[in-house]
Amino acid sequence: MARRRTKRTPRNSAFTQRPFSEVRTPLAPVEMISADQVEVIHHTSLKVLRDTGLKVDSAVALDLLAGIGADVDRKTNRVRFDPALVEEMLKGIPAEFTIHARNPAKTVSVGGNSLTFATVSGPSFVSDLDRGRRAGTLEDMRNFVRLSSMLNIFHHEGGAGCEPLELPPETRHLDMMLAQTTLCDKGWQPCWLNSASRARDCIEMAKIALQTDDDGLRARPGIIGGINTNSPLLLDDSQAEGLIEFARAGQPIHVTPFTLAGAMSPVTIGGSLVQQNAEALAGIVLGQAACAGAPVFYGHFTSNVDMKTGSPAFGTPEYAQSVIVSGQMARRYGLPIRSSNTTAAACVDAQATYESAMSINACVQGHINVMMHAGGWLEGGLTCSFEKLILDAELLQMQAAMLDPLDLSEAELGLGAIAEVGPGGHFFGTKHTLERYETAFYSPILSDWRNFETWRDDGAKTATERANSIWKQLLNDYEKPPIDPAVEEELEAYVAKRKADIRPAS
């Protein structure tokens with residue numbers, strides 16, 4: 001296959017990035033366990049669902065599960081699933097789907113060998129070198145969305161960065177989604193999907209942004225949702241009903257157990273994967289009970305805790321193992337899968353880099369279709385960092401470049417240039433080199449390849465310091481993606497109305 005020669009788009013003398021494009025891996029997925037061992041996890045998970053079951057604290061969800069034949073104990077809200085029922089409900093779920101962005105050029109496919117990178121979602125705090133770690137604000141959140149829009153390696157606005165904590169908690173999700181739909185023109189995921197009403201807000205705003213109706217959005221999804229089970233073996237009413245709302249609307253949603261080995265799941269990775277699989281399957285079955293054939297897919301978030309302190313650990317070897325095995329489980333069911341770029345580091349340092357590199361490599365090797373938190377995650381997900389966003393963009397862009405197919409055509413093999421130079425010469429001045437030198441190799445976002453003296457004389461800036469300059473330059477260069485003023489006004493009017501509905505004047 002021909003190597004894709006990309007036209008780079010420099011924003012200034014210090015910043016170069018690849019153009020926006022889907023990433024597809026030509027590599028076979030890594031498999032850490034055998035097909036027989038995949039079946040062991042699958043059948044053990046079915047035993048958990050049959051014998052122990054799952055507590056589901058939603059009357060709506062319990063009615064749906066009873067309706068498909070699950071064993072529902074209304075006194076305890078315990079639901080048990082016959083293995084044959086689970087197997088049957090897993091049939092007919094889409095193996096791939098498309099997320100239609102407000103800008104059609106940024107529409108992406110999810111599933112198969114596609115790799116979608118989404119920015120961080122959920123932190124309450126934000127950090128940068130200038131002001132340190134602090135509570136997230138409205139302007140921080142909006143700036144994070146602006147940067148998500150500017151960085152081409154991110155296919156998906158993953159959750160608006162940090163929460164704006166100065167805003168009322170019952171309505172701040174509306175301000176976050178308004179930023180996602182107006183300051184960025186990529187596909188997006190709501191940060192909060194923890195009630196049916198918030199899920200419906202997301203769906204309604206997606207319809208306005210894409211100028212479509214319920215049927216149109218169902219035919220051409222524009223958002224990705226996600227819910228977490230409350231591990232171990234609990235699905236609360238808010239998560240269950242958010243899942244149901246998205247499934248009925250035909251919007252892709254992943255079911256992601258929060259299984260931390262040693263705390264919320266067994267201390268072994270094998271045991272945690274069994275529990276993760278059981279919880280994920282139960283959520284997927286609920287989504288299918290709400291709407292057969294809905295694009296409900298597999299979510300992974302199994303890691304471990306530090307047994308010395310009880311703190312979550314991320315980017316660990318165990319995390320990488322669980323990523324790759326989870327990819328095998330998702331492929332066993334014919335489903336797309338989401339996982340994450342993670343680190344437990346408290347600042348943007350070597351630890352943040354090597355733990356994220358471990359996570360990203362595992363996601364690429366395991367064919368993770370949606371990498372959430374791919375840009376900006378810090379401190380175990382408590383903080384989004386502007387410098388970490390740039391570091392992650394570099395790590396991801398390098399992976400994307402590594403996956404580009406090599407061009408082995410006759411012209412690219414350079415036989416004539418080899419003959420021209422001969423023994424002991426050099427290739428700097430050959431026609432072959434001069435025709436290609438501008439686009440021959442990967443051009444970094446963050447790395448500084450100058451010699452020591454030049455680097456020193458230019459301020460001896462570390463990668464973190466350079467990242468600080470880059471995100472500031474990006475914000476300075478930011479231009480709001482085009483949006484029809486009438487569409488923006490309609491979005492703003494929806495937000496205003498919903499705020500009034502949620503917080504009526506006293």
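Residues numbered from 1 in each chain as written. Predicted model: local features only at pLDDT ≥ 70, side-chain atom pairs only at ≥ 80, totals over all residues. Heavy atoms only, no water.

Draft legend 1. Layout of the state of the cysteines. Evaluation of the coordinates by the stated rule reveals 0 disulfides. For the unlinked cysteine Cys-347, the closest cysteine sulfur is that of Cys-384, found at 15 Å. (Disulfide = S-S within 2.5 Å.)

Draft legend 2. Focus on unusual backbone geometry. The linkage connecting Ser-231 with the following residue, Pro-232, adopts the cis geometry, with an omega of 5°. Along the chain, Pro-232 falls in the loop between β12 (225-229) and β13 (234-235). With a phi angle near 55°, His-373 is a residue other than glycine that sits in the positive phi range. Mapped onto the elements, His-373 comes out in strand β20 (residues 370-375). (Helix = DSSP H or I, 4+ residues; strand = E, 2+ residues; numbered from the N terminus.)

Draft legend 3. The packing of aromatic side chains, seen in detail. Summed over all chains, the structure comprises 9 aromatic pairs. Ring centres 5.3 Å apart and planes at 50° place the aromatic pair Phe-97 and Phe-297 in the tilted group. Residue Phe-97 is found in strand β5 (residues 96-99), and its partner Phe-297 is found in strand β16 (residues 296-299); the two are separated by 200 residues along the sequence. Neither residue differs from the other here; Phe-97 and Phe-297 are each classed as buried. Between Phe-258 and Phe-301, the ring centres sit 5.2 Å apart and the planes meet at 20°, which makes this aromatic pair stacked. Residue Phe-258 is found in the loop between β14 (253-257) and β15 (260-261), and its partner Phe-301 is found in the loop between β16 and β17 (303-305); the two are separated by 43 residues along the sequence. Look at Phe-258 and you get partly exposed, because its relative accessible area is 30%. Taken together, the ring pairs in this structure connect Phe-258, Phe-301, Phe-314 and Trp-377 into an aromatic cluster. Arg-133 extends its terminal NZ or CZ atom over the ring of Phe-125, reaching a point 4.0 Å from the ring centre. (Phe/Tyr/Trp six-rings, centres within 6.5 Å; stacked < 30°, edge-to-face > 60°. Buried < 20%, exposed > 50% of the residue type's maximum accessible area, 1.4 Å probe, protein only. Lys NZ or Arg CZ within 6 Å of the ring centre and 35° of its normal.)

Draft legend 4. Fine view of helix α2 (residues 59-67). All of the buried residues along α2 are Ala-61, Leu-62, Leu-64 and Leu-65. Seen along its axis, α2 keeps its buried residues to an arc of 165°; they face one direction. In α2, those exposed residues whose orientation departs by more than 90 degrees from the buried face are Ala-59 and Gly-67. For α2, the elements touching its buried residues are β2 (54-56), β3 (71-73), β4 (78-80), α8 (237-249) and α9 (269-290). Once α2 ends, the next one or two residues include Gly-69, with phi positive near 105°. (Arc of directions from axis to C-beta. Contact = heavy atoms within 4.5 Å.)

Draft legend 5. Structural context of helix α11 (residues 350-365). For α11, which comprises 16 residues, the first-to-last C-alpha distance of 22 Å matches the rise-based estimate of 22 Å (1.5 Å per residue) to within 8%. Within the sequence span of α11, burial applies to Ala-352, Glu-355, Ser-356, Ser-359, Ile-360, Ala-362, Cys-363 and Val-364. Buried positions along α11 lie against β7 (114-119), α10 (317-333), β19 (337-340), β20, β21 (377-378) and α12 (386-403). Two to three positions downstream of the cap, the backbone nitrogen of Gln-351 sits 3.1 Å from a side-chain oxygen, assigning the N-cap of α11 to Asp-349. Of the residues one or two after α11, His-367 is the one with positive phi, at around 55°. (Expected span 1.5 Å × (residues − 1). Polar contact = N/O pair within 3.5 Å; in protein donor to acceptor, adjacent residues only side chain to side chain.)

Purely geometric stuff here, so don't read any function into it on its own.
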